[in-house]
Structures are given as structure tokens and as C-alpha cells.
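Commentary on secondary and tertiary structure
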Amino acid sequence: MQRKFDGDQLVLASHNKGKLREISALLAPFGIHVSSAAEHGLEEPEETEDTFAGNARIKAHYAAKETGLPALSDDSGIAVEALNGAPGVYTADWAETPNGRDFPMAMEKTWKLLEEKNAPFPRKAAFVCTLCLAWPDGHDELFEGRVEGQVIWPARGEHGFGYDPMFVPEGFDITFGEMDQDKKQEMSHRADAFAKLVKGCFE
Ligand SMILES: O=c1nc[nH]c2c1ncn2[C@H]1C[C@H](O)[C@@H](COP(=O)(O)OP(=O)(O)OP(=O)(O)O)O1
Ligand SMILES: [Mg+2]
């Protein structure tokens, strides 16, 4: 059977350097020429949907249409159980300031809300990722990944990006910010979704 992705070029429809680093590394074994949204001079489309899948579709379809190449997007976030899944789809928004994104501030805000609620320990959370592979003709494929864990405070670790320093995955006592990044790449929400993408489109 012919595989669903039979091209040799892919645009990564993301402006997040941490994601670009991780997804490029995951794609490296497949011999696909990867370019980024920035290299194509693409703007960041507005993420107007209230689901990860909806926003992933907006980003991938926009890049595919603009470049004429298949495009892969990632919409992701952290869902904290005691906050009813917040910040969730709005994870990047919570970090928004007039001078750019401030994740230490967003993480502290998240912890403060948990303290105000007197949320019980462990303060369970999950990182969630939806990948969308879209083609210029308008069809697409969606894949969802997830990793369970808890949020902790104070945040620890210099690796990774975003909320990594306050997330401890299940079965570990170190944060994604402290973890060797090859290890994060074996078990993250993004890696989980990517494994499904490989099965669905690259095999
Ligand atoms: O592995 C992760 N480790 C730590 N934090 C993470 C991770 N994965 C998502 N996150 C957080 C930060 C990110 O800013 C937000 C996603 O927001 P999201 O809109 O999907 O991405 P974004 O605006 O940063 O880049 P773009 O939309 O150009 O792909 O969730
Ligand atoms: Mg975004």
C-alpha cells in the first residue's frame, strides 16, 4: 500500500523554537526536507478555535495553502485537573505580556490558582498535543498525544521550554525541565502524537 505521506518536503507550521527543535529531531530519521514557517516568511495565523484540533488545523492549512507544500502543525498545552483543564488550549495566551511571552509568570499564576483552591496533592496535570498534517489540496490527518503527570512548585530545570520546569511526568521525580531532552523525546505528548503520525502516514 502506498503511504499517505509520499512527498520529500514538509513545512513545519510553527513559530515556537522549542517545538521546532523537537519536531525536527523526530522527523530526522525520515529523510524529509524540513523548512519552517519563518523560512517561508509566514505570519502566525490567529488561533480562533477552542480545541487543540481546531487550532492545529488552522495553522497547518494556512501554511500548506501559502507554500503549496504539505505542512505539519502542533497545537499543544497543559491541562491541570483541579483547574478543570485550564490553561489547556489557552496555555500560550496565559503567558502573553506586552513584551512577549513570560512562562515563569504563567507558571506562577497557575500555581497561585491551585493554592487559592487548596487543591489536593498530587496536583495532577497532562500535557496534550494535536498534530495536523495538511496538504495544499485541503485534506488533512490529525493525531493526538498525551502525557500524564503533576505540576510542582517551585519550578525546576533549565532544559526544554514553556511549562517544562513545573511538570513532573508520572513515574518520575524530575521535571521535563530537568530531564535529558532525549528522554523527553521518548515520552512526551508530542512524541506520543508523532508516533501515531508515523503509523498513519509514514509507513
Ligand atoms: O513540550 C512542552 N513543554 C512545555 N510547554 C509546552 C510544551 N508543549 C506545549 N507547551 C506550552 C507552551 C506553548 O507556548 C503552549 C502551546 O501553545 P501553541 O499555540 O500550541 O504553540 P505556540 O503559540 O507556542 O507556537 P505555534 O502556535 O506557532 O506552534 O503550550
Ligand atoms: Mg500558537
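Residue positions are counted from 1 within each chain, in the order its sequence is given. Each chain takes a letter, starting from A, and each ligand takes a number, starting from 1, following the order in which they are written. Local features in a predicted model are, by the rule used here, given only for residues with pLDDT of at least 70; side-chain atom pairs are given and counted only at 80 or more, and totals for whole chains, interfaces and linings are based on all residues.

**Quick notes on the UniProt feature "active site" (unreviewed entry) in the protein**
UniProt positions are given in the numbering used here, feature names are shortened, and annotations may be inferred rather than shown by experiment. Taking the UniProt record as the reference, the feature "active site" (unreviewed entry) is found at D75. Secondary structure elements are defined from DSSP: runs of H or I of at least 4 residues count as helices, runs of E of at least 2 residues count as strands, and each element is numbered from the N terminus. Structurally, D75 can be placed in strand β3 (residues 71-80). Partly exposed residues are those whose C-beta has more than 12 but fewer than 20 other C-beta atoms within 10 Å; 20 or more makes a residue buried and 12 or fewer makes it exposed, with C-beta atoms placed from the backbone. Taking the number of C-beta atoms within 10 Å as the measure of exposure, D75 has 28 and is therefore buried. Working definition of a contact: two residues with C-beta atoms, positioned from the backbone, lying within 7 Å. Beyond its immediate sequence surroundings of up to four residues, D75 is in contact with F52, N55, A56, K59 and T130.

**Observations regarding the environment of F143**
Within the element layout of this structure, F143 appears in strand β7 (residues 140-151). Exposure remark for F143: the 22 C-beta atoms within 10 Å place this residue in the buried category. Distance from F143 to A86, taken between C-alpha atoms, is 21 Å for residues 57 residues apart in sequence. Setting aside residues no more than four positions away along its own chain, F143 makes contact with L131, A193, K196, L197 and G200.

**Quick look at the sheet that holds strand β2 (residues 33-36)**
Paired strands, in this sense, are two strands between which DSSP finds at least two bridges. Ordered by their spatial adjacency, 6 strands build an open sheet running β2-β1-β3-β6-β7-β8, and the pairing between neighbours is mixed. Edge positions in the sheet fall to β2 and β8 (167-169), since each of these pairs with one other strand and no more. Averaged over all neighbouring strand pairs, the angle between strand axes comes to 35 degrees, with direction disregarded. Relative to β3, strand β1 (residues 9-12) runs parallel, the two sharing 2 bridges. What sits directly across from L12, in β3, is L72. Here an axis means a line fitted to C-alpha atoms, over the contact stretch when the element is a helix, while the angle between two N-to-C directions is reported on a 0 to 180 degree scale. Against the sheet, helix α2 (residues 52-67) touches β1, β3, β6 (123-134) and β7, its axis set at about 160 degrees to β3.

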